[in-house]
Amino acid sequence: MTDTHAVISAFLDDDPFDAAELAAALSDPAGRALLIDLVALRHVVQPDEPAAAAGPTLRSRWRPLLATAAMLMALAGGYFIGERQGATTTVSAPAPTRVIEANAWQPVPPGGGR
């Protein structure tokens, strides 16, 4: 790709370009022919009608509602599963492995003896 092609492409793409380089490129008959070819190519490639802006679809309208419903179902399911497991499980202390007898307690003054 030459500088002529680059500056004409930048001009057509609305990219920054040097005006002096564009003038030099268009002063040459080959540069003018390239400009005409590129404009014709863009005209062929672009659609005849501009794309209509699509409004919100039915799917996008339902998305927040479905997300909220899924979150509420997950919270309710977790709560009920936790309630069911909590009701069947009783917590008791483990059996002691040894018993220590304390014969004499030492009184500790308030504040931890400081």
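My aim in this report is to walk through the structure given alongside it, one point at a time. (Residues numbered from 1 in each chain as written. Predicted model: local features only at pLDDT ≥ 70, side-chain atom pairs only at ≥ 80, totals over all residues. Heavy atoms only, no water.)

## A short note on the overall build of the protein chain
Secondary structure summary: the protein chain contains four helices and zero strands in total. Within the protein chain, counting contacts between residues at least 6 apart in sequence, those at least 24 apart form 42% of the total. (Helix = DSSP H or I, 4+ residues; strand = E, 2+ residues; numbered from the N terminus. Contact = heavy atoms within 4.5 Å.)

## With respect to the packing of helix 2 (residues 19-27) against helix 3 (residues 29-45)
Where helix 2 contacts helix 3, the two axes come as close as 4 Å, and the packing angle between them is 100°. What the angle tells us is that helix 2 and helix 3 run roughly perpendicular. Contacts between helix 2 and helix 3 pair A25, L26 and S27 from the former with P29, G31, R32 and L35 from the latter. Along the lines of polarity and charge, the residues of the contact of helix 2 with helix 3 split into four nonpolar, two polar and one charged. (Axes fitted to C-alpha atoms, helices over the stretch in contact; angles between N-to-C directions. Parallel < 35°, antiparallel > 145°, perpendicular 65-115°, else oblique. Nonpolar A, V, L, I, M, F, W, Y, C, P; charged D, E, K, R; others polar.)

## Quick notes on the nonpolar core
Counting five residues, the largest nonpolar core is built from V7, I8, L22, A25 and L38. Looking at this core, the elements with two or more residues in it are helix 1 (3-12) and helix 2. (Core = buried A, V, L, I, M, F, W, Y, C linked by side-chain atoms within 4.5 Å. Buried < 20%, exposed > 50% of the residue type's maximum accessible area, 1.4 Å probe, protein only.)

## Re helix 1
For helix 1, the set of buried residues is V7, I8, S9 and A10. Once helix 1 ends, the next one or two residues include D14, with phi positive near 60°.

## Concerning the pattern of salt bridges
For the coordinates displayed, the defined rule picks out one salt bridge. Linking R42 and D13 is a salt bridge whose minimum nitrogen-to-oxygen distance equals 2.5 Å. You can see R42 sitting in helix 3 and its partner D13 sitting in the loop between helix 1 and helix 2, a full 29 residues away along the chain. A residue is classified by how much of its surface remains accessible, and R42, at 27% relative accessible area, is partly exposed. We classify D13 as partly exposed; its relative accessible area is 38%. (Salt bridge = Lys/Arg side-chain N within 4 Å of Asp/Glu carboxyl O.)

## A look at the packing of aromatic side chains
Across all of its chains, the model carries two aromatic pairs by this definition. Plain terms: the ring middles of F11 and F17 are 5.5 Å apart, the flat faces sit at 90° to each other, and that makes the pair edge-to-face. On the basis of relative accessible area, F11 is assigned to the partly exposed category, the value being 34%. A relative accessible area of 37% places F17 in the partly exposed class. Between Y79 and F80 the ring centres are 5.5 Å apart and the planes differ by 70°, which places this aromatic pair in the edge-to-face class. Note on accessibility: Y79 and F80 belong to one class, exposed. (Phe/Tyr/Trp six-rings, centres within 6.5 Å; stacked < 30°, edge-to-face > 60°.)

## A few points about the side chain of S9
By secondary structure assignment, the location of S9 is in helix 1. When its relative accessible area of 14% is taken as the criterion, S9 is described as buried.

## Details of the packing of helix 1 against helix 3
Running from N to C, helix 1 and helix 3 point in directions that differ by 45°, and their axes come no closer than 10 Å. Regarding the angle of helix 1 to helix 3, the classification is oblique. In this structure, helix 1 crosses over helix 3, and the sense of that crossing is right-handed. Mapping the contact onto sequence places T4, H5, I8, S9, F11 and L12 in helix 1 and G31, L34, L35, L38, V39 and R42 in helix 3. Looking at the contact of helix 1 with helix 3, its residues break down into seven nonpolar, four polar and one charged. (Left-handed = near helix turned anticlockwise from the far one by under 90°.)

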